[in-house]
Amino acid sequence: MEKASIQKYITTPIYYLNGLPHIGHAYTSILGDVMKKFEQMRGNGVYYTTGTDEHGQKNQHSIEASGLAADEFLTRQSDNFRNLFVELGIDFDYFVRTSRPEHKKIVQEILQNIYDKGLIVKKSYEGLYCEGCEQFKKKSDLDENGCCPDHKAAPKAISEENYFFRLEPYRQWLIDYIKSHPDWIQPAKYANEVLGMLKEPLEDLCISRPKSRVWLGVELPFDHDYVTYIWFDALVNYISTLNYGHNPDFETVWAHSHHLIAKDILKPHCIYWPIMLHALGVVPVEHYFIHGYWIGEGGVKMSKSLGNVVDPAEVVRLLGVDALRFYLINNMTLGGDSQISVAMLKQGYKMLANNIGNLQMRVLKMVQKSLEGKVPSPAALNEEDKALVNDIAGRFERIFGQEMSLETVSELAESIVKAGDAVNAYFAANTPWVLAKNPAERARFEAVVYTTLECLRLIGLAMYPLTPATARKIEASLGVEPESFKADFKPFALPEGTEIKVGDPLFPMIEE
Ligand code: MSP
C-alpha cells in the first residue's frame with residue numbers, strides 16, 4: 001500500500017463466522033464496495049477491507065460442536081464469507097482474518113503498550129455474562145425476564161479475576177470530541193445515541209477472559225493464563241491491517257479512515273474504540289457511517305421458523321448480483337430499518353428491467369434496424385433534447401462532486417431511477433418508431449435517437465458503483481466501454497458513427 005495513492009480507507013465490521021453470511025453482512029460489504037467505486041470514479045485511491053472475526057466464546061463453541069480442528073473450521077467458515085463477497089462483485093483490497101499471526105502480534109503490542117502506561121488493572125469481578133454479546137451486563141441492561149434483550153437468553157453469573165481498562169477518565173474528552181465534530185458519526189441520530197450512553201459514568205471495561213473459559217483468543221502478553229476480550233482484539237483489526245506500529249505511512253492513511261457499521265455495534269465502535277485509540281495516542285477514525293437493519297417484509301424480524309430469511313446466494317442465482325446490489329442501496333432508509341423479501345427484490349428487478357433494460361433494448365434495436373447500427377448525428381438536437389441531456393449530466397455531476405456518504409449513495413440510486421423515468425417519458429412522447437417511417441422526419445428521428453443513446457451512456461456511467469456489470473454492458477453496447485470508469489459527465493460526448501452492439505437483455509424475464 002502506497003500512501004500517496006490512498007485518499008480513503010474504508011472498513012466494514014469483521015463478521016463472526018459461527019454461522020453463514022446473511023443479507024445483513026452482504027449489505028455492509030456491498031455498501032463499502034459501492035463507496036469504493038464511487039470514490040475511485042472521483043479520482044481517489046481507496047483501500048477497502050472487510051473480513052471475519054475469528055475469536056471468542058461463540059466461535060469457540062461452534063468449533064467444539066463441529067468436531068473439526070480449529071484452523072480447519074475457521075478457514076472453511078471464513079471462506080464462506082470471502083467467496084460470497086467475491087461473487088457479489090466486492091472488490092476488497094484485503095480480507096481481514098483475526099486468526100492471522102500478524103494481527104495477533106499487533107494486538108499484543110497494543111495491550112503491552114497500554115499496560116505499561118498503567119491503564120490496565122487486575123481485580124476480581126462478579127457479574128452477569130451474556131455469551132451472545134460476549135459482554136458483561138448490568139441488571140438495567142436486561143429485559144423484564146432477566147434476559148439479554150438481543151439474545152433472549154439469561155446471562156450467566158460469573159465470578160473471576162480479570163484485567164480492566166478504565167474508560168471513565170476519557171468520558172468528558174469523548175463527549176467534547178463528539179460535540180465539536182458534528183459529522184463524525186453519521187447520521188447525527190446515532191451521535192445523539194452515543195451522547196446518551198455517555199450521560200452516566202463509564203464502567204471499567206473487562207479486557208480479559210481466563211483461558212479456562214475461553215481458549216480461542218489472543219493471549220495477554222503480561223499474563224499467559226488469559227486471552228483478551230474479543231472486542232479489544234477485533235477493533236484493533238482496523239489498524240493492524242495498516243501494520244500499526246511498523247508503518248511510517250500509518251498516520252497519513254488512518255487520517256482518512258471510514259468505518260461502516262450497523263446500529264448494533266455502536267457502543268464498542270463509538271465508545272471503546274476511540275478511547276482505546278486515545279490511550280495509544282492515535283486520533284479517532286475520520287467518520288462513522290451507521291446504517292439500520294434489514295428486516296423481513298411487513299416489518300417482522302427474519303427467522304428460519306417464519307421462512308422469511310433472504311439468502312444472498314439464492315437471490316444471486318435468481319436475479320443476479322446487480323439487481324441485489326441496486327435494491328440494497330436504493331431501499332435502505334437512512335437512520336432506520338428497511339424491509340426486504342424475495343418478492344420485494346423481484347419488484348426491484350422488474351423496475352430495473354422496465355426502466356433501463358427495455359429502454360436500452362428498444363433504442364438499440366432501432367439503431368440496428370434504421371441507422372445501420374451506428375450512433376446517428378446530434379446535429380439537429382432541439383432545445384428539449386439538449387435540456388434533457390444537460391439535466392441528467394448536471395444531476396450526476398453534482399452527485400459525484402460530493403464526498404461519499406450514506407446520503408450520497410442513496411441519492412445516486414434515486415437519481416438513476418429518475419433519469420431513467422425522464423428518458424422513458426421523452427422516448428414515449430417523441431415516438432421515434434413513427435418518425436423512423438417518415439423520410440421527411442429523418443433529422444428529427446436521428447436527434448431523438450441520439451438524445452436517448454447519450455442519456456443511456458450517462459446513466460450507465462453513473463450506475464457503475466452500484467451495478468458494475470450492468471454499467472459495463474451498457475457502455476459496451478454503445479461502443480464506448482471505458483477501461484476504468486471516471487466521473488466525467490461532460491454531455492454530448494457520444495461520438496457520431498460509433499458502432500453499437502445489441503447484446504442480451506440487461507435484465508431478462510425471470511420465472512415467477
Ligand atoms: N464481530 C463483530 C464486529 C466486530 S468489528 C470490529 C460483529 N459481527 S456480526 O457478525 O454480528 O456482524 C454485525 C454487522 O453485520 C452489523 O454491524 C452490520 O454491519 C451487519 N449486519 C448484521 N445483521 C444485519 C441486518 N439485519 N441488517 C443490516 N446489517 C446487519 O458484530
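## Observations concerning helix α4 (residues 101-116)
Phase 1 of the analysis: The end-to-end C-alpha separation of α4 is 22 Å, in line with the 22 Å expected for 16 residues at 1.5 Å each.
Phase 2 of the analysis: Once α4 finishes, G118 follows within two positions and takes phi at roughly 75 degrees, a positive value.

## Re the site of the ligand
Phase 1 of the analysis: In the vicinity of the ligand there are 22 residues, among which I14, T28, D53, D264 and W294 approach most closely.
Phase 2 of the analysis: The backbone of W294 places a nitrogen or oxygen atom 2.9 Å from a nitrogen atom of the ligand.
Phase 3 of the analysis: When the ligand is considered free in solution it has 670 Å² of accessible area, and contact with the protein chains removes 92% of it.
Phase 4 of the analysis: Within the residue set of the shell around the ligand, elements represented by two or more residues are β1 (8-16), α1 (23-41), α7 (230-235) and α8 (237-240).
Phase 5 of the analysis: Looking at the shell around the ligand, the element that brings in the most residues is β1, giving four residues.
Phase 6 of the analysis: The residue makeup of the shell around the ligand, split by class, is 12 nonpolar, eight polar and two charged.

## Here we look at unusual backbone geometry
Phase 1 of the analysis: Put simply, Q186 and P187 share a cis peptide bond, and its omega is -10 degrees.
Phase 2 of the analysis: With respect to the helices and strands, the residue P187 is situated in the loop between β7 (185-186) and α6 (188-197).
Phase 3 of the analysis: Of note in this structure, N243 is not a glycine but carries a positive phi near 60 degrees.
Phase 4 of the analysis: Residue position: N243 is located in the loop between α8 and α9 (250-254).
Phase 5 of the analysis: Notably, T431 is not glycine yet its phi reads approximately 35 degrees, a positive angle.
Phase 6 of the analysis: Examined against the element boundaries, T431 turns out to sit in the loop between α15 (406-430) and α16 (432-435).
Phase 7 of the analysis: Relative accessible area serves as the criterion here: at 25%, T431 is assigned to the partly exposed category.

The rules behind the values
Residues numbered from 1 in each chain as written. Predicted model: local features only at pLDDT ≥ 70, side-chain atom pairs only at ≥ 80, totals over all residues. Heavy atoms only, no water. Helix = DSSP H or I, 4+ residues; strand = E, 2+ residues; numbered from the N terminus. Expected span 1.5 Å × (residues − 1). Near = heavy atom within 4 Å. Polar contact = N/O pair within 3.5 Å; in protein donor to acceptor, adjacent residues only side chain to side chain. Areas by Shrake-Rupley, 256 points an atom, 1.4 Å probe, with all protein chains shown as cover. Nonpolar A, V, L, I, M, F, W, Y, C, P; charged D, E, K, R; others polar. Buried < 20%, exposed > 50% of the residue type's maximum accessible area, 1.4 Å probe, protein only.

Treat this as a map of the structure, not an account of what it does.
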